[in-house]
Amino acid sequence: MEQKRFIIEVAGLRPDLQRKALSMYDGDEMRAEDAVSELFVRLWQTRHTLDEVRSLPAYCHTLLRNLIIDDLRSARTQPLDESVTADRCDDTLGRYELSELLREAIGTLPELRKRVYELHELRGFDNEEIAQLLNLRIDAVHNHLSRARRQLREYLLPLM
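Residues numbered from 1 in each chain as written. Predicted model: local features only at pLDDT ≥ 70, side-chain atom pairs only at ≥ 80, totals over all residues. Heavy atoms only, no water.

### Comments concerning the pattern of salt bridges
- Per the counting criterion, the structure on display carries seven salt bridges.
- We note a salt bridge from Arg-14 to Glu-33, for which the minimum N-O separation is 3.1 Å. With Arg-14 in helix H2 (residues 14–24) and Glu-33 in helix H3 (residues 29–45), this pair connects stretches of sequence that are 19 residues apart.
- Classification of Glu-33 as partly exposed rests on a relative accessible area of 33%. (Salt bridge = Lys/Arg side-chain N within 4 Å of Asp/Glu carboxyl O. Helix = DSSP H or I, 4+ residues; strand = E, 2+ residues; numbered from the N terminus. Buried < 20%, exposed > 50% of the residue type's maximum accessible area, 1.4 Å probe, protein only.)

What follows is the structure, given as structure tokens:
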């Protein structure tokens, strides 16, 4: 892939990739920007193979997701700083419990609805990308998302 085409096709994906990284990093803008920049460096280094890629947006989203997962795993294995306060631990525990409840609720969704919800809400894919990846119509993606949200709300409200 030549430089001009790379800039047009890959750089145009930056806003979507940035949103996805932000959602995966829980709003940490600096880490999200680092991940997207790292992705662009890797894509540039392998630009000669990008012409073989069928769907560049899907490829970029997958690579970004894998980069972030690797980063989150490596951060998880680093030793804890002993200066962490009890309040921060309580806050982290509360968020962990909420995320476990949400994970449990997502597990109750029918398989296709769960895949659509996870791709959209947890991975940052837009409706068109989901429709393309799962071979669905866009209105079917909208319906699955709406029903998933309603089902999750019905599951979680009594627990709150």
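### Here's the deal with the packing of helix H6 (residues 111–122) against helix H7 (residues 127–134)
- Following both chains from N to C, one finds H6 and H7 inclined at 140°, their axes separated by 10 Å at the closest point. One way to sum up the angle between H6 and H7 is to call them oblique. In terms of crossing hand, the pair formed by H6 and H7 is right-handed. For the pair H6 and H7, the contacting residues are Leu-112, Arg-115, Val-116, Leu-119 and His-120 in the first and Asn-127, Ile-130 and Leu-134 in the second. (Axes fitted to C-alpha atoms, helices over the stretch in contact; angles between N-to-C directions. Parallel < 35°, antiparallel > 145°, perpendicular 65-115°, else oblique. Left-handed = near helix turned anticlockwise from the far one by under 90°. Contact = heavy atoms within 4.5 Å.)

### Focus: the environment of Glu-118
- Mapping Glu-118 onto the fold places it in helix H6.
- Linking Glu-118 and Ile-106, residues 12 residues apart in sequence, is a C-alpha distance of 8.4 Å.

### Structural notes on the packing of aromatic side chains
- Counted under the stated rule, the structure contains zero aromatic pairs.
- In this structure, Arg-47 is placed above the aromatic ring of Trp-44, and the distance from its NZ or CZ to the ring centre is 3.8 Å. (Phe/Tyr/Trp six-rings, centres within 6.5 Å; stacked < 30°, edge-to-face > 60°. Lys NZ or Arg CZ within 6 Å of the ring centre and 35° of its normal.)

### A few points about H7
- Looking only at H7, the buried set comprises Asn-127, Glu-129, Ile-130, Ala-131 and Leu-134.
- The N-cap of H7, judged by a side-chain oxygen 3.2 Å from the amide nitrogen of Glu-128 a few residues on, is Asp-126.
- Where H7 ends, the next residue or the one after it, Asn-135, has phi of about 60°, a positive value. (Polar contact = N/O pair within 3.5 Å; in protein donor to acceptor, adjacent residues only side chain to side chain.)

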